[in-house]
Amino acid sequence: LVAAAAFLCFVASRSRGAYAALAVMEVVITALFFLLYFLKLDKKMSWLFWPLADIFNSVIAAVFLLVVCLFAVIIKTNNGTLAGGVFGLVLLVLSVVDAVLLFQKISLDGPRGRSTSAK
């Protein structure tokens, strides 16, 4: 929802295309991951470790959001660009928190190998 709000602010302010493109890209990717987990497709497509893919998505999105939204806040051609940049920075914080929580969940779940010891 925060990414959608940032997208709407960037579009309404008629700011540069990179701002809106990043926001809409994050909305689409987040919606795809939501559908993936909601429809339990991650269980059916077990050939990829989906929580790790989600972590990579969060980290890459955080890096892009840091650069683009800082430019949007610093340049602030109008109030819509400034609001979109602020929403983007909030989304940056949420992406970092998501990555950290997923990493802790993966790290704290324990070993993924056999549960019986070799004799």
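Not measured: the values here are computed from a predicted model. (Residues numbered from 1 in each chain as written. Predicted model: local features only at pLDDT ≥ 70, side-chain atom pairs only at ≥ 80, totals over all residues. Heavy atoms only, no water.)

Asks: So, the side chain of S58: which residues are in play, and what are the values?
Replies: Mapping S58 onto the fold places it in helix α4 (residues 50-75). Assessed through its relative accessible area of 3%, S58 is described here as buried. Setting aside its immediate chain neighbours within four residues, S58 contacts S95, D98 and A99. (Helix = DSSP H or I, 4+ residues; strand = E, 2+ residues; numbered from the N terminus. Buried < 20%, exposed > 50% of the residue type's maximum accessible area, 1.4 Å probe, protein only. Contact = heavy atoms within 4.5 Å.)

Asks: Talk me through empty space enclosed by the protein; I want residue IDs and the actual numbers.
Replies: To locate leftover empty space, one rolls a probe as large as a water molecule over the atoms. For the structure shown, the criterion picks out one cavity of 30 Å³ or more. Taken together, A3, A6, F10, Y19, L22, A23, L65, C69, G88 and L91 form the lining of the largest cavity. For the lining of the largest cavity, the secondary structure elements donating two or more residues are α1 (2-12), α2 (17-38), α4 and α5 (79-108). Classifying every residue of the lining of the largest cavity gives nine nonpolar, one polar and no charged. (1 Å grid on protein atoms, 1.4 Å probe; cavity = no way out; pocket = protein on both sides within 12 Å on 5 of 7 lines; lining within 4 Å. Points joined across faces, edges and corners; volume = space filled by probe spheres on them. Nonpolar A, V, L, I, M, F, W, Y, C, P; charged D, E, K, R; others polar.)

Asks: Give me the environment of V11: which residues, what numbers.
Replies: Along the chain, V11 falls in helix α1. Sequence spacing of V11 and T81 is 70 residues, and the spatial spacing of their C-alpha atoms is 8.8 Å.

Asks: Go over α4 with me, naming the residues and quoting the values.
Replies: A turn of α-helix holds 3.6 residues, and therefore any two residues three or four places apart point the same way. Between the first and last C-alpha of α4 there are 37 Å, a value that for 26 residues agrees with the 38 Å anticipated at 1.5 Å per step. Every buried residue of α4 is accounted for by W50, A53, D54, I55, N57, S58, A61, A62, L65, V68, C69 and A72. Of the residues flanking the end of α4, it is K76, one or two places downstream, whose phi is positive at about 30°. (Expected span 1.5 Å × (residues − 1).)

Asks: Describe in detail unusual backbone geometry, supporting the description with residues and values.
Replies: A positive phi angle, near 60°, is found at K40, a position not held by glycine. Looking at the element boundaries, K40 is found in the loop between α2 and α3 (41-44).

Asks: An account of α2 is requested, with residue identities and associated values reported.
Replies: Its 22 residues give α2 an end-to-end C-alpha distance of 31 Å, which sits within 8% of 32 Å, the value for a rise of 1.5 Å per residue. Along α2, the residues that are buried comprise Y19, A20, L22, A23, E26, F33 and L36. Of the residues one or two after α2, K40 is the one with positive phi, at around 60°.

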